[in-house]
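Topology and contacts: notes
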Amino acid sequence: NRVIMNNSNKITVAGGAAPKKQPGLGAWLQKGVKMSDNKTLATVVVKAAACDEGETNGQSETNGKATQATAAKAKSAAAKKHTEDGSTPTRKMARKSTKPDTFEAAPAKKAKKAIGPGPDRSHEKKHWAAGRLRVVGVDEAGRGPLAGPVVAAACFVPQDCVIDCVNDSKQLTEEGREEIYEELMANKDIEFGVCIIDQDRIDEINILECTMEAMTKSANDIPNVDWVLIDGNRVPKPLEGRAEAIVKGDAKNVSIAAASIIAKVTRDRMMVEIDREYPMYGFAAHKGYGTKAHMAAVEKYGPCKYHRKTFAPIKHMDLSKWPDCYK
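Since the structure is predicted, the reported quantities are computational estimates derived from the model, not experimental observations.

1. What about the sheet that holds strand β4 (residues 150-156)?
On the basis of which strands lie adjacent, the open sheet formed by five strands has the order β5-β4-β3-β6-β7 and mixed pairing. In this open sheet, the two edge strands, each paired with only one partner strand, are β5 (191-197) and β7 (243-246). Adjacent strand axes in the sheet meet at a mean angle of 20°, parallel and antiparallel pairs treated alike. Pairing geometry for strand β6 (residues 227-231) and β7, over four bridges, is parallel. Note on β7: the bridge partner recorded for Asp-231 is Ile-246. In this fold helix α7 (residues 207-220) packs onto β3 (135-141), β4, β5 and β6, with an angle of close to 30° to the strand it touches most, β4.

This is the structure we're talking about:
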């Protein structure tokens, strides 16, 4: 038999009846046509089969290529994770945290942007109108740190006294606090009281009780007080009946803001002095707060006598390894 290819790419056997129109590969099924005996037909059929298979599996090939590309990217990313000696990090190694080579604290943070118009004297004016003329503001510094004292300050600012740029101490830079502190100290009309409670007392009765005690004593240091404005949401029991708590009062009231600056600067200067005695902890920079550098130093050197033994994580440490921390 002889195979003839017509112009329409139909396969016809010479001398036979023209086959009915059939799609795809149906032509090779016609009677008398043997694939093994006809190379031309075999070639045509193979090409047609390849084309049909390509159309059928086109999506699979596309997906396969995408999968291969994803695998290649993953392999490339894994290669980048190799250590210097050529080994690949394990899951445990990948999760392992690293400690700083040195215990120097990060640069000082910039002052926060002030929210709202700043502190005013609206709270005091209500009491002045009621005949309570000597109104003082009270605030504290140092409740949260792992080391050092808690300091509370009270401040009486006369009605006609104006303090430029006074604000919540947390809203100011360290330089700004120091400048306003010096201005407050130089003004003879401004009265203030300061109470400092050390870390041993904090460990003895807890930080909240120490804060209340320090606030009470600082307010009582100012004579003839008619009313006390306290930053926070709690009034110490000894001051009940002649005081009120103002949430975020250091950002709302001038007297409380002035007290917050006095308390903060007083404590910061104390921490700088402590840093001279124990420079390895970096107290001058972080002021005793639980920064990463501070925590790493405690882990390496153990706590010192200024650390609060009832604060985590120090309270979970075996302090018998560092007996000097109790001196």
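2. A short note on unusual backbone geometry
The peptide bond linking Ala-312 to Pro-313 adopts the cis configuration, its omega dihedral lying at 5°. Tracing the backbone shows Pro-313 in the segment after α10 (292-301). Phi angles above zero are rare outside glycine, and Asn-224 is one such case at about 55°. On the secondary structure map, Asn-224 appears in the loop between α7 and β6. The residue Lys-287 is not glycine, and still its phi comes out positive at about 60°. Tracing the backbone through its elements, the reader meets Lys-287 in the loop between α9 (283-286) and α10.

3. A few points about the pairing of β3
Of all seven residues making up β3, seven are buried, and the element is well covered by its neighbours. Neither face of β3 is left uncovered, since the one carrying Val-135, Gly-137, Asp-139 and Ala-141 and the one carrying Val-136, Val-138 and Glu-140 both have all their residues buried. One ladder, built from four bridges, connects β3 with β6; its direction is parallel. Paired with Val-135 across the bridge in β6 is Trp-227. In terms of strand pairing, β3 meets β4 through six bridges, oriented antiparallel. What sits directly across from Ala-141, in β4, is Val-151.

4. What to know about the packing of helix α5 (residues 174-186) against helix α8 (residues 254-277)
As a packed pair, α5 and α8 sit with axes 9 Å apart at the nearest point and diverge in direction by 110°. As summarised for this structure, α5 and α8 are arranged roughly perpendicular, according to the angle between their axes. The way α5 lies across α8 gives a crossing that is left-handed. Residues Arg-177, Glu-178, Ile-180, Tyr-181, Glu-182, Leu-184 and Met-185 of α5 pack against Ala-258, Ile-261, Ile-262, Lys-264, Val-265, Thr-266, Asp-268 and Arg-269 of α8. Looking at the contact of α5 with α8 residue by residue, the classes come out as eight nonpolar, one polar and six charged.

Reading the values: the criteria
Residues numbered from 1 in each chain as written. Predicted model: local features only at pLDDT ≥ 70, side-chain atom pairs only at ≥ 80, totals over all residues. Heavy atoms only, no water. Pairing = 2+ DSSP bridges. Helix = DSSP H or I, 4+ residues; strand = E, 2+ residues; numbered from the N terminus. Axes fitted to C-alpha atoms, helices over the stretch in contact; angles between N-to-C directions. Contact = heavy atoms within 4.5 Å. Buried < 20%, exposed > 50% of the residue type's maximum accessible area, 1.4 Å probe, protein only. Parallel < 35°, antiparallel > 145°, perpendicular 65-115°, else oblique. Left-handed = near helix turned anticlockwise from the far one by under 90°. Nonpolar A, V, L, I, M, F, W, Y, C, P; charged D, E, K, R; others polar.

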